[in-house]
Amino acid sequence: MRSRSNSGVKLDNYARTLQQTILCHQRSPVCTIKSASNIHNCDFSNNNVYCILSVWALSLAYRKNADRDEDKAKAYELEQSVVKLMRGLLQCTIRQVQTNNISHSVIYFGMLERGDKTNKGIPEINAPEALDGLKLFSVKDGPESVVHSLADDIQHCQSILSSLLPRASASKEVDDWVLSTISYPAFAVEDIDIVNITKEEIISKLQGRYGCWRFLRDGHKTPQGDPNRLYNESSELKLFENIECEWPLEALDSILIRGNNGLRLVPELYSVPPDKVDEEYANPHTVDRVPVGKCPLKLGQSLYILGNLLAEGFLAAGEIDPLNRRLFTVPKPDVVVQVSLLAENDEIKQPPQILSHIYARLGELRVENMRQIAVNVTACLLF
């Protein structure tokens, strides 16, 4: 019997982690990832999308690095889990929006969210993105399963997004979740200057030793916050300044928690201990924080697995970004349109000087009018 390769052993370890932290929460017959608490529908949808990413990525890794038939079988099993999860999520989304027009529900996904900075449930515009060319079920489906967005809707979302960034919304100066809009998985911003400004704003204002604050003066699960209320008064926000909880995003190896089964788990967030609040007020980012909330946070655990698959070479960036959206900010050469005018016979051939004048004139006109202009010029030459 052929021995297991080192890459196969590592993938099996990731599969075990995935099964015990994420897939074990898959609900039947709904086929979505169950949350540990009663969360808002928007949060439910977002969390499920990010949880499904790791299942999909691991299926790609098994398919790419298979050295046994059982690896191909695991890849197929994970692929079917992805299909079931996405279909379940789609059904839940349809129920939420009360419509069968999926395109209408996803064009403005993330644009109008319920919950301002005080978390009172007030709707406000958040950094939006438009989806176009999304296949709802799998890459093997036909064109009838593809979601299309109108060009005007896409441009409308792009205009709002560009005008908002680096702000996340009217009440939030900047939000760490904007990273998922300007980078993986959305890559929704094509202007590299806006991308760099937004990243710098997040790093300079939100980054700490254990991760990032969600946004400035975020009172969620801080020692000064009231756990019996879902919202905060505007006058209370000052209490949360410099003691905001940090959500793990990067450099995770040093802050992971070892579970009873030996798995490395990503906690929900790190909070300032109640007896260290005054010290943290005086010297931000100096107090050792403690993990609080859910452990693991399924969303964070999923991204951790996905990141490891990339870092260890099991997957390439292009494999988890099949539309190459990450290349949108790369400078592209100018499009050059060349027009050639052909005379029907020798009698209507024109001197080169006249043709060069026509070429120069065509170059000054808008590209979309060139075809009609060429038809008109040809008609003039013929008649």
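Residues numbered from 1 in each chain as written. Predicted model: local features only at pLDDT ≥ 70, side-chain atom pairs only at ≥ 80, totals over all residues. Heavy atoms only, no water.

Take the environment of Val49 next. Here Val49 shows up in helix H2 (residues 41-64). Sequence separation between Val49 and Met86 is 37 residues, and the spatial gap between their C-alpha atoms is 8.0 Å. (Helix = DSSP H or I, 4+ residues; strand = E, 2+ residues; numbered from the N terminus.)

Let us look at the environment of Arg167. Tracing the backbone through its elements, the reader meets Arg167 in the loop between helix H5 (151-164) and helix H6 (179-182). The spatial distance from the C-alpha of Arg167 to the C-alpha of Thr198 is 8.1 Å, given a sequence separation of 31 residues. Sequence-distant contacts of Arg167, defined by excluding residues within four places in its chain, comprise Lys172 and Glu173. (Contact = heavy atoms within 4.5 Å.)

Using the criterion set out here, one finds 18 salt bridges in the structure. Note that Lys205 is salt-bridged to Glu201, the shortest N-O span being 2.6 Å. Of this pair, Lys205 and Glu201 both sit in helix H7 (residues 192-206), 4 residues apart, roughly one helical turn. Lys205 gets classed as partly exposed once you look at its relative accessible area, which sits at 35%. Through salt bridges that share partners, Asp12, Arg68, Glu70 and Lys74 make up one connected network. (Salt bridge = Lys/Arg side-chain N within 4 Å of Asp/Glu carboxyl O. Buried < 20%, exposed > 50% of the residue type's maximum accessible area, 1.4 Å probe, protein only.)

A word on the packing of helix H1 (residues 6-21) against helix H9 (residues 298-311). Running from amino to carboxyl end, H1 crosses H9 at an angle of 170°, the nearest separation of the two axes being 11 Å. Here H1 lies roughly antiparallel to H9, going by the angle between them. Contact with H1, carried on its side by Leu11, Tyr14, Thr17, Leu18 and Thr21, involves Lys298, Gln301, Ile305, Asn308 and Leu309 of H9 and no other residues of that element. The residue makeup of the contact of H1 with H9, split by class, is 5 nonpolar, 4 polar and 1 charged. (Axes fitted to C-alpha atoms, helices over the stretch in contact; angles between N-to-C directions. Parallel < 35°, antiparallel > 145°, perpendicular 65-115°, else oblique. Nonpolar A, V, L, I, M, F, W, Y, C, P; charged D, E, K, R; others polar.)

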